[in-house]
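# A closer look at the structure
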Amino acid sequence: MSVEAAVQAAFREEWGRVVATLIRRTGDWDLAEECAQEAFAQALTSWARDGVPDRPGAWLTTVAGNRALDRLRRGARGAELLEQIAHDPLRSPDAADDEQDQEPDVIEDDRLRLMFTCCHPALALEARVALTLRTLAGLSTAEIARAFLVPEPTMAKRLVRAKAKIAAAAIPYRVPPPELLPERTPGVLAVLYLLYNEGYAASSGDALIRAGLCDEAIRLARLLCRLMPDEPEATALLALMLLQHSRRDARVDAAGDLITLEDQDRGRWHRDEIESAERLLSDSGPLAPVGTYRLQAEIAACHVQPQTDWARVRDLYELLAAATRSPVVELNLAVAVAMAGDPDAGLALVNELAQRGELGSYHLLPATRADLLRRRGEREQAAAEYRRALELAPSEAERRFLRRRLAELAA
C-alpha cells in the first residue's frame, strides 16, 4: 500500500476519533479540526520517510495533540486549557476499545459524546446532523450539502452557525443523563443513519462503499442501543444497518463496480448479520407503533429473503412515504410499484416527481426513469435518461455503472 493510500485509509478510520478526542480536551471545534488536518498532512511526509506506524490512529492523535498544545501556548486561553489537559491528558484513540465492555451508564466514548453534543436540542435538527457528519465522519461541506440536497454555501453557513451556538450556549461535551436522552434521540438517530448511508454509497471518490464508516456507524448504534435499550427506533436502525451491511461483499465486483440487487450472488451475503437483524426486529414486537427506521428495516428484511416480496415492499413504502413526505422515499415507492407488477404506474410516479422539480439535481431520479424505460424496451429514451444521470452522478463508482448501462443499450 502506498503512503497516500495509507493516509487515506487512516483518514476514513481515524478522523472521528482524533477530532473527538481533541474537542473533548480543548473545547475548540475549529482548533480540533485544523490540528487534525495538519496531522494528516504531516503523515504524508513522515510516513514516507519513516514508514507507516503500527498504530496510525495513536500516531495521528499524538501529532494532532501536540499541534493543539503548541497553538494553546500561544493563545490567550492557553494557560487555563493547558492546566486542564495536564489533569486529563489526550488519550489514544485505542482507549475507546476498552470502554465498549462497560455498563451503559459509564460508557466513556469520545465519539458518542461528540454525537450527543452536536445533537443538542438548542440546534436545528439539520444543523445537528450536518455538524456531526463534518466532525465525526470527516465529510466535506460539499458531501454534506449533497446529502441534504442544498447548495454548498448554504451548508457552510449552517455549520458555522452551529459551532458558534455550541460555544455561546456552553453546551457540555458529554453523554446526557438518562432523563435527557429522549430529546436528543431524533438527532442522534438521523446522524447515525446518514453516517451509515455515506459509507453504504459514498457521495464522492472512486469506491462505492466506505466500509470503515459503515462499521463505525454500526458500532455507535450498538452503543446507543445499550444506552437506550427500550428505544425501538434505535433497535430498528441497528437492524437496518446490519441488513444493508450484510450484502457488502456482493454489491461490488472485483473491479469495485456496482452490482444491482437482482444480480447479486446471495451466497456472498453475511447470514450471521441477517439473522442478528431479524432477531432484533422479532424481539421488538409488531410494527405498531410504526417508526420510519422500523419501516426501512422491514423493507431491507424483504430484500434479504430468497425472493423479494415486492408487494410487501410497495405497501411498506406507502406507509413510509406517508410518514416522511420525502421525495426520495416516493422515488423508491415508484420502483416498488413497478417491480410489484405495474411498471406503467411506477413510471407515472417518477414522471410526476420530475415535474415537481424537488429532485432536479438528484442523479437517481433520471437513473430510475432510465431503468424503467429500459425494462419497457424504450432504448433511446432510456439512453437519454442514463446520460442525464451520468452528468449528475457524484461518485466515480456510480458513473462507471451508468456508462456500463449505456454501453449495454448501445450493444
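A quick note: this is a predicted structure, and the numbers were derived from the prediction, not measured. (Residues numbered from 1 in each chain as written. Predicted model: local features only at pLDDT ≥ 70, side-chain atom pairs only at ≥ 80, totals over all residues. Heavy atoms only, no water.)

## Structural notes on the overall build of the protein
When helices and strands are tallied, the protein shows 19 helices and zero strands. If one aligns the C-alpha atoms of the protein with their principal axes, the spans along those axes are about 70 × 50 × 40 Å. Counting all 411 residues of the protein, 51% fall into the buried class. The contacts of the protein with a sequence gap of at least 6 include a subset with a gap of at least 24, amounting to 64%. (Helix = DSSP H or I, 4+ residues; strand = E, 2+ residues; numbered from the N terminus. Buried < 20%, exposed > 50% of the residue type's maximum accessible area, 1.4 Å probe, protein only. Contact = heavy atoms within 4.5 Å.)

## With respect to the packing of aromatic side chains
What the rule picks out here adds up to six aromatic pairs. Seen in terms of ring centroids, Phe11 and Trp15 are 5.0 Å apart; in terms of plane orientation they differ by 40°. Their pairing is tilted. Remark: Trp15 and Phe11 occur in helix 1 (residues 3-26); sequence separation between them is four residues, near one turn of the helix. The class of Phe11 is partly exposed, set by a relative accessible area of 25%. The class of Trp15 is buried, set by a relative accessible area of 1%. Taken together through their ring pairs, the aromatic side chains of Phe11, Trp15 and Phe40 make up a single cluster. Residue placement shows Arg251 over the ring face of Tyr200; its charged tip is 3.6 Å from the ring centre. (Phe/Tyr/Trp six-rings, centres within 6.5 Å; stacked < 30°, edge-to-face > 60°. Lys NZ or Arg CZ within 6 Å of the ring centre and 35° of its normal.)

## Examining unusual backbone geometry
At Ala170, a residue that is not glycine, the phi angle is positive and equals roughly 50°. Relative to the elements of secondary structure, Ala170 occurs in the loop between helix 8 (152-169) and helix 9 (181-200). Of note in this structure, Arg325 is not a glycine but carries a positive phi near 55°. Tracing the sequence through the fold places Arg325 in the loop between helix 14 (310-324) and helix 15 (327-339).

## Some points on the packing of helix 9 against helix 11 (residues 232-245)
When two helices pack together, their arrangement is given by the angle between their axes and by how far apart the axes lie. Between helix 9 and helix 11, the shortest axis-to-axis distance is 11 Å and the interhelical angle comes to 5°. Classified by the angle their axes make, helix 9 and helix 11 are roughly parallel. Along the contact surface, helix 9 presents Leu189, Leu192, Tyr193, Tyr196 and Tyr200, while helix 11 presents Glu233, Ala234, Leu237, Leu240, Met241, Gln244 and His245. Of the residues contributing to the contact of helix 9 with helix 11, the split by class is nine nonpolar, two polar and one charged. (Axes fitted to C-alpha atoms, helices over the stretch in contact; angles between N-to-C directions. Parallel < 35°, antiparallel > 145°, perpendicular 65-115°, else oblique. Nonpolar A, V, L, I, M, F, W, Y, C, P; charged D, E, K, R; others polar.)

## Here we look at the side chain of Thr260
When you line up the elements, Thr260 lands in the loop between helix 11 and helix 12 (271-283). Residues in contact with Thr260, not counting those within four places in the same chain, are Phe401 and Arg405.

## Some words on helix 12
Between its first and last C-alpha, helix 12 extends 18 Å over 13 residues, near the 18 Å set by a 1.5 Å rise per residue. Looking only at helix 12, the buried set comprises Glu273, Ile274, Ser276, Ala277 and Leu281. Buried residues of helix 12, seen end-on, are gathered within an arc of 165° and therefore sit on one face of the element. Residues of helix 12 that are exposed and point over 90 degrees away from its buried face: Asp272, Ser282 and Asp283. The elements touched by buried residues of helix 12 are helix 11 and helix 13 (292-303). Note on helix 12: the residue one or two positions beyond its end, Gly285, has a positive phi of about 85°. (Expected span 1.5 Å × (residues − 1). Arc of directions from axis to C-beta.)

## What to know about the side chain of Thr141
When you line up the elements, Thr141 lands in helix 7 (residues 141-148). Residue classification places Thr141 among the buried positions, given a relative accessible area of 18%. In this view, Thr141 contacts Glu152, Met155, Ala156 and Leu159; residues no more than four positions away in its chain are not counted.

## Some words on the pattern of salt bridges
One pass over the full model with this rule turns up 31 salt bridges. We note a salt bridge from Arg158 to Glu126, for which the minimum N-O separation is 2.5 Å. Taken together, the residues span a long stretch of sequence, with Arg158 in helix 8 and Glu126 in helix 6 (residues 125-137) at a distance of 32 residues. With a shortest N-O distance of 2.9 Å, Arg403 and Glu396 are connected by a salt bridge. One continuous salt-bridge network, built from bridges that share partners, spans Asp30, Glu33, Arg134 and Lys163. (Salt bridge = Lys/Arg side-chain N within 4 Å of Asp/Glu carboxyl O.)

## Quick word on the environment of Val252
Relative to the assigned elements, Val252 resides in the loop between helix 11 and helix 12. Its relative accessible area of 18% is what places Val252 among the buried residues. Residues Val252 and Ala397, spaced 145 residues apart in sequence, show a C-alpha to C-alpha distance of 9.5 Å. Contacts of Val252, omitting those with residues within four sequence positions, involve Leu208, Ile209, Asp257, Ile259 and Arg268.

## Focus on the packing of helix 11 against helix 12
At their nearest, the axes of helix 11 and helix 12 sit 8 Å apart, and the two run at 160° to each other. By the criterion of interaxial angle, the relationship of helix 11 to helix 12 is roughly antiparallel. For helix 11 against helix 12, the interelement crossing comes out left-handed. Packed against helix 11, whose contacting residues are Thr235, Leu238, Ala239, Leu242, Leu243 and His245, the element helix 12 presents Glu273, Ile274, Ser276, Ala277, Leu280 and Leu281 at the interface. Considered class by class, the residues forming the contact of helix 11 with helix 12 number eight nonpolar, three polar and one charged. (Left-handed = near helix turned anticlockwise from the far one by under 90°.)

## A short note on the environment of Leu281
For Leu281, the position within the fold is in helix 12. Sequence spacing of Leu281 and Ala297 is 16 residues, and the spatial spacing of their C-alpha atoms is 8.1 Å.

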